[in-house]
Amino acid sequence: MDEPSMPNSSAGTTQTTPPPGPPTPPIPLAELLAREELGLRRIAGPADADLLWVHTSEMADPYPYLLGGELLLSAGVLLTDPDHYVGRLVEAGAAALGFGVRPVHETVPAALIEACDRQGLPLLEVPPETPFTTIARAVWRLMAEARHRELRRVTRAQQALATAAARPDPVPAVLHQLATQLGGRAVLLTARGQEVHAAGRRPDPEAAGALTRLARVVARERPGSPSSATDTHGGTHLSAYALGGGEGLVLALATRQRESGDHTVAGIAVVLLSLLAAPHQGADAAGRSAALVRMLLGASPAEVAPLLGSTGPWTVVHARRTDGAPADALTAGALGASLGTALVDAERGAGEAVRVLLGPGPEPDRIAARPAGTTARPGERAPEPARPTPRPGWTLGASAPTPVTALAAADALAARALAHARATRAPLTVDAPTGGLAALVPPEQAAAHARALLAPLTAPLADTLRSWLSLHGSWDRTAVALGVHRNTVRQRIGRCAELLGADLDDMHVRAELWFALRQT
């Protein structure tokens, strides 16, 4: 989704599609000036500016070291030509200049004030009692607060879109919720620009025409089409996103303003709409997509089973990119497609694994469609479980095939399998069902024995012990699997030994504990 925008309107202004995930919103200069304890005073230039960074420099020409959007702080140690100095800052895209008075300059030089007024650069007077580090700390604090607010907004939007996708009319509901969240117009268009569904206030005719032309840029009618594009027509921000499925459907947006997290919100809608609105999907596939959302909202297995259309077997897969980079919605959707499913949960939050739900294959699906309560016909095969395979660029952990009533437990097993795969650097780890000698013990007796044996351990200690045993007592690999320091692992295992009153170096003790942990 991060490809350069391609304008199609002479009145439009080309913009680059922002990166996935809500970036830190810019800080209005007015918010910094409102911090009275800093004593900052604007003495030249415009009142409106957005701050992206803070940088301190006493170089005569800091241009090579600026990225744009900075509040540059300086005491003017090497200031000799204010007009040239300000020109270079404006050329570099600096947002504002903070000038500290004393000990170098008793007051802000008049020539600097005139240059900032003339070239449109906000100039702040920094009193001598305010250190530059205090200003930087204040800006970072404001950025952290803004980032938190934006993440909360994106999270609320994600939940609202997921709820809309579970409605009986999911496509119009998602578009309506998207238009509400972004405060604009959301339209689902065909490759030819025909409107399928729409929600929100309609833009003026010229902006609507520009939006349709932008949608044709990303419509996948020819090789090499970008997956997303943005444009600006007058005061209206335009965006277009190609939906998955290769049918040329496009989500087009027209808003009066563009917030930093809007791209992420739109990306969530793209995934949902790709699952729900693609023409090649029938009612069964759309129902399965809605079932995934309902599971995310905590629906009971009894409510989910009719929508999934089969009692199983189902396999839960947890996945992370091998390079450690977060997976955006479209990347996760591509993983699901490669595994043969549209049931992908990629919006659980920063740092969370992608979840994929694999159902029975096409032949078992047909068998599963048999009316409830009927028995299998003679010679009819049972549904074959899905068998995930390694995928380039991904680390996968999969549960054993399970009925729909045990999906919650399978989700936990898949998470454990992924942790094991990451610790051992394996591309795929599958949590195998209980077998061998352990399968000879009645499940009820095994569970009762496990509860009694492991009763002294808290859940974190039990998880640590399980991971440590599965990794043959490796401190480093267990630390990687759990995402903690190796010394934390040592402390927890020592605590386990103390609470259990057992020697964890004894192989018989380890085998007994492993048997018990496999029952939980």
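Our structure's up above, just so we're on the same page.
Below: a short report on this structure.

So, how was this worked out
- Within each chain, residues carry numbers counting from 1 in the order of the written sequence.
- Residues qualify for local features only when their pLDDT is at least 70, as the model is predicted, and side-chain atom pairs are given and counted only at 80 or more; totals for whole chains, interfaces and linings, by contrast, use all residues.
- Processing note: side-chain calculations cover all non-hydrogen atoms of the structure and skip hydrogens and water entirely.
- Put simply, DSSP H or I for four residues or longer makes a helix, DSSP E for two residues or longer makes a strand, and each gets a number counted from the N terminus.
- Think of it in three bands: with a 1.4 Å probe and only protein chains considered, a residue is buried below 20% of the maximum accessible area for its type, exposed above 50%, and partly exposed in between.
- Any two residues whose heavy atoms approach within 4.5 Å at even a single point are treated as in contact.
- For accessible areas, the Shrake-Rupley method is used with a probe of radius 1.4 Å. Any residue's cover is judged against the shown protein chains and nothing else.
- Strand pairing is defined by DSSP finding a minimum of two bridges between the two strands.
- Fitted lines through C-alpha atoms give the axes, limited to the stretch in contact for helices. The angle between two N-to-C directions lies from 0 to 180 degrees.
- Here, a salt bridge means any Lys or Arg side-chain nitrogen found within 4 Å of an Asp or Glu carboxyl oxygen.
- Polar contact criterion, stated in full: a pair of N or O atoms within 3.5 Å, where within protein one must be able to donate a hydrogen and the other to accept it, and residues adjacent in sequence count only if both atoms are side-chain atoms.
- For patches, a residue must show more than 30% relative accessible area and have no salt bridge; joins then use 9 Å for like charges and 5 Å for nonpolar side chains, namely Val, Leu, Ile, Met, Phe, Trp and Tyr.
- We call a set of buried residues a nonpolar core when its members are Ala, Val, Leu, Ile, Met, Phe, Trp, Tyr or Cys and they connect through side-chain atoms within 4.5 Å of each other.
- By definition in this entry, angles of less than 35 degrees are roughly parallel, angles greater than 145 are roughly antiparallel, angles of 65 to 115 are roughly perpendicular, and the rest are oblique.
- Stacked, tilted and edge-to-face are the three classes applied to pairs of Phe, Tyr and Trp rings, where Trp contributes its six-membered ring and a pair requires centres within 6.5 Å; stacked means planes under 30 degrees apart, edge-to-face means over 60, and tilted covers the rest.
- Expected helix span is taken as 1.5 Å per residue step, with the number of steps being one fewer than the number of residues.
- What the arc covers is the set of directions going from the helix axis to the C-beta atoms.

**Some details on the overall build of the protein chain**
For step 1, the next point in the chain: For the protein chain, the count of helices and strands is 17 helices and 17 strands.
For step 2, the next point in the chain: Expressed as a percentage of its 520 residues, the buried residues of the protein chain come to 45%.
For step 3, the next point in the chain: Taking the intrachain contacts of the protein chain between residues at least 6 apart in sequence as the baseline, contacts between residues at least 24 apart amount to 65%.
For step 4, the next point in the chain: Counting only carbon and sulfur atoms, one obtains 55% of the accessible surface of the protein chain, whose full area is about 25,200 Å².

**Describing the sheet that holds strand E16 (residues 394-398)**
For step 1, the next point in the chain: Strand order in the open sheet formed by five strands is E14-E15-E13-E16-E17, with mixed pairing between adjacent strands. The open sheet has two edge strands, strand E14 (344-345) and strand E17 (428-430), and neither has a second partner.
For step 2, the next point in the chain: In the sheet, E14 pairs with strand E15 (residues 354-358) via two bridges, with the strands oriented antiparallel. Its bridge partner being in E15, Val344 is matched across the sheet by Val356.
For step 3, the next point in the chain: This element, helix H12 (residues 407-424), spans strand E13 (315-321), E15, E16 and E17 of the sheet and lies at about 35° to E13.

**Focus on the pattern of salt bridges**
When charged atoms on two side chains of opposite charge get close, those side chains can pair.
For step 1, the next point in the chain: Inspection of the entire model under this criterion finds 14 salt bridges.
For step 2, the next point in the chain: Among the salt bridges present, the one from Glu37 reaches Arg35, with a minimum N-O distance of 3.0 Å.
For step 3, the next point in the chain: The salt bridge partner of Asp505 is Arg510, with a shortest N-O separation of 3.9 Å.
For step 4, the next point in the chain: Within this structure, Asp61, Arg88 and Glu91 form a network of salt bridges that share partners.

**Thoughts on the environment of Arg42**
For step 1, the next point in the chain: Locating Arg42 in the fold gives a position in strand E2 (residues 41-44).
For step 2, the next point in the chain: The sequence separation of Arg42 and Ala96 amounts to 54 residues, and the corresponding C-alpha distance is 9.9 Å.
For step 3, the next point in the chain: The contacts of Arg42, once residues within four sequence positions are left out, are Leu33, Ala47, Leu123 and Leu124.
For step 4, the next point in the chain: In terms of polar contacts, Arg42 uses its side chain to reach the backbone carbonyl oxygen of Gly45, at 2.6 Å.

**Quick word on a nonpolar patch on the surface**
For step 1, the next point in the chain: Together, Leu52, Trp53, Leu67 and Trp140 make up an exposed nonpolar region whose accessible area comes to about 440 Å².
For step 2, the next point in the chain: One can find Leu52 in the loop between strand E3 (50-51) and strand E4 (53-56).

**Quick notes on the nonpolar core**
For step 1, the next point in the chain: Core analysis: the biggest nonpolar cluster contains 27 residues, and Leu161, Leu175, Leu178, Leu251 and Leu253 have the highest contact counts within it.
For step 2, the next point in the chain: When contributions to this core are tallied by element, the ones reaching two or more residues are helix H4 (132-165), helix H5 (170-182), strand E8 (184-189), strand E12 (250-255) and helix H7 (262-277).
For step 3, the next point in the chain: Once residues lying within four places of it in the same chain are set aside, the contact partners of Leu161 are Val174, Gln177, Leu178, Val265, Ile268, Ala269 and Leu272.

**Considerations on the environment of Asp231**
For step 1, the next point in the chain: One can find Asp231 in strand E10 (residues 228-233).
For step 2, the next point in the chain: Looking at Asp231, the relative accessible area reads 1%, which means it is buried.
For step 3, the next point in the chain: A C-alpha to C-alpha distance of 7.6 Å links Asp231 and Leu214, two positions 17 residues apart in sequence.

**Some details on the pairing of E15**
For step 1, the next point in the chain: Among the five residues that make up E15, five are buried, leaving the element largely enclosed by the rest of the structure.
For step 2, the next point in the chain: Taken together, the five bridges between E13 and E15 define a ladder with antiparallel strand orientation. If you follow Ala319 over to E15, its bridge partner there is Val354.

**Focus on the packing of helix H14 (residues 459-470) against helix H16 (residues 486-500)**
For step 1, the next point in the chain: Contact geometry for H14 and H16: axes closest at 9 Å, N-to-C directions at 105°. Taken together, H14 and H16 sit at an angle that is classed as roughly perpendicular. Residue-level contacts link Pro460, Leu461, Thr464, Leu465 and Trp468 of H14 to Val489, Arg492, Ile493, Arg495, Cys496, Leu499 and Leu500 of H16.

**Topic: the packing of aromatic side chains**
For step 1, the next point in the chain: Per the stated rule, a full pass over the model turns up one aromatic pair.
For step 2, the next point in the chain: Relative to Trp475, the ring of Trp468 has its centre 5.4 Å away and its plane inclined at 35°; by these criteria the two rings are tilted.
For step 3, the next point in the chain: Exposure remark for Trp468: the relative accessible area of 2% places this residue in the buried category.
For step 4, the next point in the chain: Take Trp475: its relative accessible area is 22%, and that puts it in the partly exposed class.

**Thoughts on unusual backbone geometry**
For step 1, the next point in the chain: A cis geometry characterises the amide bond from Arg102 onward to Pro103, with omega recorded as 5°.
For step 2, the next point in the chain: Mapping Pro103 onto the fold places it in the loop between strand E6 (96-100) and helix H3 (110-119).
For step 3, the next point in the chain: In this structure, Arg102 is a non-glycine residue whose phi angle is positive, near 60°.
For step 4, the next point in the chain: Secondary-structure assignment places Arg102 in the loop between E6 and H3.
For step 5, the next point in the chain: When its relative accessible area of 43% is taken as the criterion, Arg102 is described as partly exposed.
For step 6, the next point in the chain: A positive phi angle, close to 60°, is found at His472, a residue other than glycine.
For step 7, the next point in the chain: Checked against the element boundaries, His472 lands in the loop between H14 and helix H15 (475-482).

**Details of the environment of Leu189**
For step 1, the next point in the chain: With respect to the helices and strands, Leu189 occurs in strand E8.
For step 2, the next point in the chain: Note on Leu189: relative accessible area 5%, which makes it buried.

**A short note on helix H6 (residues 205-218)**
For step 1, the next point in the chain: Across its 14 residues, H6 extends 21 Å between first and last C-alpha, which sits within 8% of the 20 Å expected from 1.5 Å per residue.
For step 2, the next point in the chain: Those residues of H6 that sit buried are Ala207, Ala210, Leu211, Leu214, Ala215, Val217 and Val218. Projected down its long axis, H6 carries its buried residues within an arc of 145°, all on one side. Residues of H6 that are exposed and point more than 90 degrees away from the buried face comprise Pro205 and Glu206.

**Observations regarding the sheet that holds strand E9 (residues 195-199)**
For step 1, the next point in the chain: Taken in spatial order, the five strands make up an open sheet running E9-E8-E12-E11-E10, and their pairing is antiparallel. Taken across any chain shown, the strands that pair with only one partner, and hence form the sheet edges, are E9 and E10. Going from strand to strand, the sheet's axes swing by 15° on average, the running direction of each strand aside.
For step 2, the next point in the chain: Across six bridges, E8 lies against E12 in antiparallel orientation. Bridged to Arg185 within E12 is Ala254.
For step 3, the next point in the chain: Along the sheet, H5 makes contact with E8, E9 and E12, crossing E8 at roughly 150°.
For step 4, the next point in the chain: Each of E8, E10, strand E11 (236-242) and E12 touches H6; the most contacted strand, E11, lies at about 30° to it.

Just geometry here; none of it tells us what the structure is for.
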